[in-house]
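These are the residues of each chain, in order.
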Amino acid sequence: MIEEAIAKKLDVKCFSSNPFRLADLGCSVGPNTFIAMQHIVEAVERKYLAQGLKSEMPEFQVFFNDHVANDFNTLFASLPTQRRYFACGVPGSFHGRLFPESSIHFMFSSHALHWLSKVPEELLDKNSPAWNRGRIHYTSGPEEVSHAYAAQFEHDMEIFLSARAKELVIGGMIVLIIPALPNGIPASQNPFGIMFDLLGASLMDMAKEGLISEAEVDSFNLPIHLASPKQMTELVERNECLIIERMELVDPRSNPAGPINGKECAMFLRAGLEGVFAQHFGSGIIDQLFDRLSKKIMESSHQLESGNKEGTLLFVLLRRK
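Residues numbered from 1 in each chain as written. Predicted model: local features only at pLDDT ≥ 70, side-chain atom pairs only at ≥ 80, totals over all residues. Heavy atoms only, no water.

An unreviewed UniProt entry annotates the protein chain as S-adenosylmethionine-dependent methyltransferase of Vitis rotundifolia.

**Q** Which parts of the structure should I look at to understand the nonpolar core?
**A** Nonpolar side chains tend toward joint burial in soluble globular proteins. Counting residues in hydrophobic clusters, the biggest one holds 71 residues, and the most contacted among them are Phe99, Phe160, Leu176, Leu199, Leu203, Met232 and Phe277. With 10 residues, the top contributor of residues to this core is helix H5 (residues 191-208). With residues near it in sequence (within four places) discarded, Phe99 still touches Ala23, Leu25, Phe63, Val90, Ile104, Met107 and Glu167. In this structure, Leu10, Phe64, Leu79 and Leu313 belong to the second largest nonpolar core, which totals 34 residues. (Core = buried A, V, L, I, M, F, W, Y, C linked by side-chain atoms within 4.5 Å. Buried < 20%, exposed > 50% of the residue type's maximum accessible area, 1.4 Å probe, protein only. Helix = DSSP H or I, 4+ residues; strand = E, 2+ residues; numbered from the N terminus. Contact = heavy atoms within 4.5 Å.)

**Q** Quick question: what am I supposed to make of helix H1 (residues 2-9) here?
**A** Because the α-helix completes a turn every 3.6 residues, residues three or four places apart line up on one side. Considered for burial, the residues of H1 that qualify are Ile2, Ala5 and Ile6. Around the axis of H1, the buried residues are gathered within 95° of arc, so they sit on the same side. (Arc of directions from axis to C-beta.)

**Q** Would you take a moment to explain the environment of Phe281 for this structure?
**A** With respect to the helices, strands and loops of the structure, Phe281 is situated in helix H8 (residues 262-281). Residue class for Phe281 comes out buried when judged on its relative accessible area of 9%. Sequence-distant contacts of Phe281, that is, excluding residues within four places in its chain, are made with Leu203, Ile212, Glu216, Val217 and Phe220.

**Q** Quick question: what am I supposed to make of the packing of H8 against helix H9 (residues 286-299) here?
**A** A pair of packed helices is captured by two measures, namely the crossing angle of their axes and the spacing between those axes. Where H8 contacts H9, the axes come no closer than 9 Å and their chain directions differ by 145°. Remark: the crossing between H8 and H9 carries right-handed chirality. Every residue of H9 that contacts H8 at Gly262, Lys263, Cys265, Ala266, Leu269, Arg270, Glu274, Phe277 and Ala278 is listed here: Ile286, Asp287, Leu289, Phe290, Leu293, Ser294, Ile297 and Met298. Of the residues in the contact of H8 with H9, the class split is 11 nonpolar, 2 polar and 4 charged. (Axes fitted to C-alpha atoms, helices over the stretch in contact; angles between N-to-C directions. Left-handed = near helix turned anticlockwise from the far one by under 90°. Nonpolar A, V, L, I, M, F, W, Y, C, P; charged D, E, K, R; others polar.)

**Q** I'm lost on the pattern of salt bridges in this one. Help?
**A** Think of it this way: side chains of opposite charge can pair up when their charged atoms draw near. Counted according to the given criterion, the structure contains 19 salt bridges. Linking Arg292 and Glu209 is a salt bridge whose minimum nitrogen-to-oxygen distance equals 2.7 Å. Of this pair, Arg292 sits in helix H9 while Glu209 is found in the loop between H5 and helix H6 (214-218), placing the two residues 83 residues apart along the sequence. Take Arg292: its relative accessible area is 18%, and that puts it in the buried class. (Salt bridge = Lys/Arg side-chain N within 4 Å of Asp/Glu carboxyl O.)

Laid out in structure tokens, this is it:
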């Protein structure tokens, strides 16, 4: 889909600067970021050739961005030796400016924008109707909890989109790949939402057994929001500098009709979430927590398999006016 976007929508003739600059926002430590950046570089090279611009083929510079706590040493130690780009790191939150104005030609962000910049404060206020007692997400919570998450996500996205619009050159593009919900489908029918609920239930079981305290669970909320295409469309349209070129839900599973594997699902979630759980509850509970999750996933496999079939990832292609 990214290659198609570059082939059909990216007008390299309007770019005068050399090098061609790319950025991966939320790169983590590899190797996924290297695969994505190489694919984009190769697709841009093909576009230059297709437009008869072989003599004007630029050099490429890739900016790898993530939080300051990201392990950039591991990232750069594993950089591909045969890469066709110059690499540099940009530490800092993408909920704000990262680059000079009109300096980036193509931006990419995968599985990163669902993370909120912070947990909504009202979720931890015992006197607030949005107090999320006994839960770790808004999936099965009251409306007030969902509204608090949505408001924080919209605030974060407005800042993100405003910053990116300033940093992209005219005609530059940005691809976002975001865990998402189909329009009108509650999080309780989404595989991610169901598994977040199962994680919360596993923690509550551990609290009842005295392995952790209920107060620890009450004070923990996953800072993750699952956006819908409708919500993303409205947010982009508020930003008058970006145009939606393509937006659709896709299913990332290689075998969508296959049976649910509890251990694989638990390991998939652990890869992305272990850090936030360990920071709050301590690393000593992690193995047991995800073992319990694996069992609960198998017990709930029918619910997961019968969840929404429209896709769990939102592919968004934006162009700078």
